Amino acid sequence: RYLQFKFIGMEPTNDRGPEMAFMAIVGKAVHTTVQRLMLKHPRVSAIERLMEDPVTRVRGSNDLQILDHDDVMAVLDIKSGVKLPDVPKADHLIQLAWYCYLSGHARAVVQYILRSNGAKRRFTRSWAELREQWELTRDLARNITDMTIEGRIAPKTPANRSDCADCPLRDACDKVEYGE
């Protein structure tokens, strides 16, 4: 919110109006810059790799694939924000679990970066630590996918179809919407 005031002259608020859109742009800029810098590092092997589970149709792109400090391949996900958490957020651990599963890597890392000054905090988890979270969400995703595709139940298609690009239910929506 400090950047919001400094760069666009608006008083910081909790409103989710244009100032929040601006902060999202700042977050994306930090995210992209860090990725580009890291890709130059010899221990980084891939950037924004799209992965999909053919059974549950869960898909996502981890930010980087890295050779970690002890030469173990790991997925790295970068999160930018206004506060460094003391522990990884639960939904970020679920993302890491899926990235480990989909990539086949035994380790995942989430790195939080402060938008204001670039301070960092990094958390590493092994596949063994993440597996239970993956199994729970896999079962949920499998049930949703089965209901959606077989039952021809689909969420409302957003007006902006670009929001559908990475949705695992896109095919089901198209079938319901267009009567295939």
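Residues numbered from 1 in each chain as written. Predicted model: local features only at pLDDT ≥ 70, side-chain atom pairs only at ≥ 80, totals over all residues. Heavy atoms only, no water.

### Section: the nonpolar core
The cut-off we apply is this: Among buried residues, the Ala, Val, Leu, Ile, Met, Phe, Trp, Tyr and Cys ones that are joined through side-chain atoms within 4.5 Å form a nonpolar core. Each residue gets one of three labels from its accessible area relative to the maximum for its type: buried under 20%, exposed over 50%, partly exposed in between, using a 1.4 Å probe on protein chains only. The secondary structure listing takes helices from DSSP runs of H or I that are at least 4 residues long and strands from runs of E that are at least 2 residues long, numbered from the N terminus. Note on contacts: a residue pair qualifies if any of its non-hydrogen atoms lie within 4.5 Å across the two residues.
One finds Leu 96, Ala 108 and Leu 130 to be the most contacted residues of the largest nonpolar core, which totals 20 residues. Only α3 (90-103), β4 (107-114) and α4 (127-150) provide two or more residues apiece to this core. Among the elements that line this core, the one with the most residues is α3, at seven residues. Among residues more than four places away in sequence, those in contact with Ala 108 are Ala 74, Val 75, Leu 96, Cys 100, Phe 123, Thr 124, Arg 125 and Leu 130. The next biggest cluster of nonpolar side chains, apart from the first, holds 10 residues, and it includes Val 34, Ala 74, Leu 76 and Ile 113.

### Focus on the environment of Trp 134
As for its placement among the helices and strands, Trp 134 is situated in helix α4. For Trp 134, a relative accessible area of 5% corresponds to the buried category. Along the primary structure Trp 134 and Leu 96 are separated by 38 residues, whereas in three dimensions their C-alpha atoms are 8.8 Å apart. Those residues in contact with Trp 134 that lie beyond four places of it in its chain are Ala 97, Trp 98, Tyr 101 and Trp 127.

### Describing the environment of Gly 104
The residue Gly 104 is located in the loop between α3 and β4 in this model. Between the alpha carbons of Gly 104 and Val 75 there is a distance of 9.5 Å; along the sequence they are 29 residues apart.

### Description of the pattern of salt bridges
The condition that has to hold: One side-chain nitrogen of Lys or Arg within 4 Å of one carboxyl oxygen of Asp or Glu is enough to make a salt bridge.
Enumeration according to the criterion identifies five salt bridges in this entry. Note that Asp 77 is salt-bridged to Lys 79, the shortest N-O span being 2.9 Å. Lys 79 carries the same exposure label as Asp 77, and that label is buried. In this structure, Glu 135 engages Arg 131 in a salt bridge whose closest nitrogen and oxygen atoms are separated by 2.9 Å.

### Digging into α3
The condition that has to hold: Helices are assigned an expected span. That span is 1.5 Å times one less than the residue count.
Across its 14 residues, α3 extends 20 Å between first and last C-alpha, which sits within 8% of the 20 Å expected from 1.5 Å per residue. Every buried residue of α3 is listed here: His 92, Leu 93, Leu 96, Ala 97, Trp 98, Tyr 99, Cys 100, Leu 102 and Ser 103. Positioned one or two residues after α3, Gly 104 has a phi angle of 80 degrees, which is positive.

### Some thoughts on the packing of aromatic side chains
Which entries qualify depends on this criterion: Only the six-membered ring of Trp is used, alongside the rings of Phe and Tyr, when aromatic pairs are assigned; centres must lie within 6.5 Å, and planes under 30 degrees apart are stacked while those over 60 apart are edge-to-face, with the rest tilted.
Throughout the structure, instances matching the rule amount to six aromatic pairs. A ring pair is formed by Tyr 112 and Phe 123, whose centres lie 5.9 Å apart and whose planes are at 75 degrees; its orientation type is edge-to-face. Of this pair, Tyr 112 sits in strand β4 while Phe 123 sits in strand β5 (residues 120-126), and the two are 11 residues apart along the sequence. There is no split in this pair, since Tyr 112 and Phe 123 are both buried.

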